Amino acid sequence: MTSIITGDIIDSRKQKSKHWVEDLKKILSPFGATPGQWEVYRGDEFQVEIKNPEEALLSAILIKAHLKALKLDARMSIGFGDKTHYAEKISESNGLAFIHSGELFETLKKQKVTLAMRTGDAITDEKMNLMLQLALTFMDNWLAQSAEFVALAIENPTLSQEELGQKLGINQAAVSRRQKRAQFDLLMNLDRYFRTQIKQLTAS
């Protein structure tokens, strides 16, 4: 079982900045090599394979946080399942994970949702997507500072608030405020719950 994130930049045509595509590539580069593991295509669409499905939600949140820190945002669908065809480019690979991600992605605009997932298990999907919609009520409204904190905290899970503050150039009290404003602890609880759900699915 693998997981595929399919996404596009919201209102990409309205972006004043020319280098947001480069910014997006920088955000995706830690996930592996392009175009095998991730790819930006058609200008504003991208696809990333997260080989450990348990990491998929946190990876999508990380991408969103990095984009929000740049005052951008993305619509993303996460699909889970197998990978049956291995192509040099991820956009040409295939399998259930790709189908789930692609089909769901096509419905996001209509649903007016910026993040959703499909595992193929109806009960899990309903539960997780309801929780994601609740989480998006604050994630979609992150200001750049909150988003920057979230990205840094996800990438440095062992750092204390003080150490995160040093990296952000703010004191520990300010870090604590950003953590609260971003609802970061709630996000981590959501991620833990998601991991238990995916574990059960891969075990069954």
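Described in the following lines is the structure provided in the data block. (Residues numbered from 1 in each chain as written. Predicted model: local features only at pLDDT ≥ 70, side-chain atom pairs only at ≥ 80, totals over all residues. Heavy atoms only, no water.)

1. Some details on the sheet that holds strand β1 (residues 2-9)
Here we have five strands laid out as an open sheet, ordered β2-β3-β1-β4-β5, and mixed in their pairing. Two strands bound the open sheet, and with one partner strand each, they are β2 (38-41) and β5 (115-118). Averaged over all adjacent pairs, the angle separating strand axes in this sheet is 15°, with direction ignored. Sheet topology note: the β1/strand β4 (residues 74-81) ladder contains eight bridges and is antiparallel. Looking at β4, one finds that T6 is bridged to S77. (Pairing = 2+ DSSP bridges. Helix = DSSP H or I, 4+ residues; strand = E, 2+ residues; numbered from the N terminus. Axes fitted to C-alpha atoms, helices over the stretch in contact; angles between N-to-C directions.)

2. Focus on the packing of aromatic side chains
Counted under the stated rule, the structure contains two aromatic pairs. Between F80 and F194 the ring centres are 5.9 Å apart and the planes differ by 45°, which places this aromatic pair in the tilted class. A residue pair is termed long-range when its members are at least 10 positions apart, and F80 in strand β4 and F194 in helix α8 (residues 184-203) qualify at 114 residues. Of the two residues, F80 and F194, both sit in the buried class. Here F149 and F184 contribute two aromatic rings whose centre-to-centre distance is 5.4 Å and whose plane-to-plane angle is 75°, an arrangement assigned as edge-to-face. Placement of the pair is F149 in helix α5 (residues 144-155) and F184 in helix α8, with a sequence separation of 35 residues. The exposure class of F184 is buried, given its relative accessible area of 8%. (Phe/Tyr/Trp six-rings, centres within 6.5 Å; stacked < 30°, edge-to-face > 60°. Buried < 20%, exposed > 50% of the residue type's maximum accessible area, 1.4 Å probe, protein only.)

3. Comments concerning the side chain of K68
As for its position among the elements, K68 is in helix α2 (residues 56-69). The exposure class assigned to K68 is buried, which follows from its relative accessible area of 11%. A distance of 2.6 Å separates a polar atom in the side chain of K68 from the backbone oxygen of D140. Look past the residues within four positions of K68 in its chain and what remains in contact with it is D73, M139, D140, N141, W142, A144 and A147. (Polar contact = N/O pair within 3.5 Å; in protein donor to acceptor, adjacent residues only side chain to side chain. Contact = heavy atoms within 4.5 Å.)

4. Some thoughts on unusual backbone geometry
In the segment running from T34 into P35, the intervening peptide bond is cis, with an omega of 5°. Take P35: it is sitting in the loop between α1 (20-28) and β2. Although it is not a glycine, K71 sits at a positive phi angle of roughly 65°. The residue Q183 is not glycine, and still its phi comes out positive at about 60°. Look at Q183 and you get partly exposed, because its relative accessible area is 34%.

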